[in-house]
Amino acid sequence: MSRAIVIPTYNEAGNIGPLVEGIRTACGDVAIIVVDDGSPDGTGALAEAMDSVEVIQRGSKQGLGTAYIEGFTRALAQGFSEIAGMDADFSHEPAVLPALFNLLETYDVAIGARYVPGGAVREWGVHRRMLSRTANFVARRWLGMPVHDLTSGFRAYRREALERIGLDGIRACGYAFLVEVLYRCHRRGCTMAETPIVFHDRRQGASKLDRKEIAAGVVNLFRLRFGGP
């Protein structure tokens, strides 16, 4: 089984080396594709210097969604049968990757979920916890989704699932991309399962989530609910 992991990065110089090492420890010989948005701190150059790490240098900050689309498209073109996505800041533990890939033996999409029994969030304040839980609750109810954590970026997909949804047709660019991808998977009959994760706040650097991203997520939710993907 050929596997690839796509990691979008922006100013993750302090995290990318240990993260790649953690992935290698957890998964052994797996392809790693870093999609760097012109990080001023040199994240892309650091990744390029690592053995067996492929780097897509985009030169400017273009958003999480388009980074995943470029990374997934590259992985599909190279023939990988299972493709995962994860954050670069250690909010997602590399040790969970084998559990995600194991779920792909039965399901089309595997999700590392915070809001299922055994899942948790660490280091977040009350406001951010409430915002995340509310966003997931509303999105799940409005879109009729069978999963609990629609905004988790820690996922693995069978290549057939990504081919089925049509990556080039996805309109959401930022974090709203995560909801749109799952919605498209659901609408096209992909099977999905969740495994609990403990989500940790980033080790170094600053969060990329801001009010603009939150507003875009609300607009995208209305678009999907009333217009479809």
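A brief look at the structure comes next. (Residues numbered from 1 in each chain as written. Predicted model: local features only at pLDDT ≥ 70, side-chain atom pairs only at ≥ 80, totals over all residues. Heavy atoms only, no water.)

1. What about the environment of P8?
Thought 1: Assignment of secondary structure puts P8 in strand β1 (residues 3–9).
Thought 2: For P8, the residues in contact, after removing those within four places along its chain, are V35, L64, A67, Y68, M86 and A88. (Helix = DSSP H or I, 4+ residues; strand = E, 2+ residues; numbered from the N terminus. Contact = heavy atoms within 4.5 Å.)

2. What about the sheet that holds strand β7 (residues 155–158)?
Thought 1: An order of β3-β2-β1-β4-β7-β5-β8 is seen for the seven strands of this open sheet, with the pairing classed as mixed. Of all the strands in the sheet, just β3 (53–57) and β8 (192–196) have a single pairing partner and so form its edges. Strand-to-strand twist of the sheet, defined as the mean angle between neighbouring strand axes without regard to direction, takes the value 20°.
Thought 2: Bridge count for strand β4 (residues 82–85) against β7 is four bridges, and the pairing is antiparallel. Residue pairing for β7: I83 is matched across the bridge by Y157.
Thought 3: The strands touched by helix α3 (residues 64–77) are β1, β2 (31–36), β3, β4 and β7; relative to β1, the strand with the most contacts, the crossing angle is about 155°.
Thought 4: Sheet strands touched by helix α7 (residues 176–187): β5 (109–113), β7 and β8. Its angle to β7, the strand with the most contacts, is close to 35°. (Pairing = 2+ DSSP bridges. Axes fitted to C-alpha atoms, helices over the stretch in contact; angles between N-to-C directions.)

3. A short note on the nonpolar core
Thought 1: F72, V109 and F177 are the most contacted members of the largest nonpolar core, which totals 38 residues.
Thought 2: Every element with two or more residues in this core is listed here: β1, β2, α3, β5, α5 (126–143), α6 (159–165) and α7.
Thought 3: Looking at which element gives the most residues to this core, the answer is α7, with eight residues.
Thought 4: The contacts of F177, once residues within four sequence positions are left out, are G65, Y68, I69, F72, I170 and A172.
Thought 5: If you look at the next biggest cluster of nonpolar residues, it comprises 25 residues, including V20, I32, F90 and L97. (Core = buried A, V, L, I, M, F, W, Y, C linked by side-chain atoms within 4.5 Å. Buried < 20%, exposed > 50% of the residue type's maximum accessible area, 1.4 Å probe, protein only.)

4. Considering the pattern of salt bridges
Thought 1: Under the definition given, this model contains eight salt bridges.
Thought 2: The partner of R3 in a salt bridge is E82, with the nearest N and O atoms 2.7 Å apart. Of this pair, R3 sits in strand β1 while E82 sits in strand β4; the two residues are 79 residues apart in sequence, bridging distant segments of the chain.
Thought 3: Two residues, D108 and R158, come together in a salt bridge whose shortest N-O distance is 3.2 Å. A residue pair is termed long-range when its members are at least 10 positions apart, and D108 in the loop between α4 (97–103) and β5 and R158 in strand β7 qualify at 50 residues.
Thought 4: Owing to a relative accessible area of 21%, R158 belongs among the partly exposed residues under this scheme.
Thought 5: Three or more residues joined by partner-sharing salt bridges are found here, namely D37, R58 and E70. (Salt bridge = Lys/Arg side-chain N within 4 Å of Asp/Glu carboxyl O.)

5. Quick word on the pairing of β4
Thought 1: The alternating pattern of β4 places E82 and A84 and I83 and G85 on opposite faces, both of which are buried.
Thought 2: Bridge count between β1 and β4: four bridges; the pairing is parallel. Bridge pairing in β4 links R3 to E82.

6. Digging into the packing of aromatic side chains
Thought 1: Under the defined criterion, the tally for this structure stands at three aromatic pairs.
Thought 2: Here the aromatic rings of Y68 and F72 are separated by 5.3 Å at their centres, their planes lie at 25°, and the arrangement is stacked. Separated by four residues within a single helix, Y68 and F72 lie in helix α3, roughly one turn from each other. Grouping residues by exposure puts Y68 and F72 together as buried.
Thought 3: Look at F72 and Y157: their rings are 5.5 Å apart centre to centre, the planes differ by 70°, and that puts the pair in the edge-to-face class. Here the residue F72 occupies a position in helix α3, and Y157 occupies one in strand β7, the gap between them amounting to 85 residues.
Thought 4: The class of Y157 is buried, set by a relative accessible area of 2%.
Thought 5: Ring pairs connect the aromatic residues Y68, F72, Y157 and F177, which therefore count as one cluster. (Phe/Tyr/Trp six-rings, centres within 6.5 Å; stacked < 30°, edge-to-face > 60°.)

7. Side note on the environment of T106
Thought 1: Positionally, T106 belongs in the loop between α4 and β5.
Thought 2: Classification of T106 by relative accessible area gives exposed; the value is 54%.
Thought 3: Taking the C-alpha atoms as reference points, T106 and M192, separated by 86 residues in sequence, lie 9.1 Å from one another.
Thought 4: With sequence-adjacent residues up to four places away left out, T106 is seen in contact with R158 and T191.

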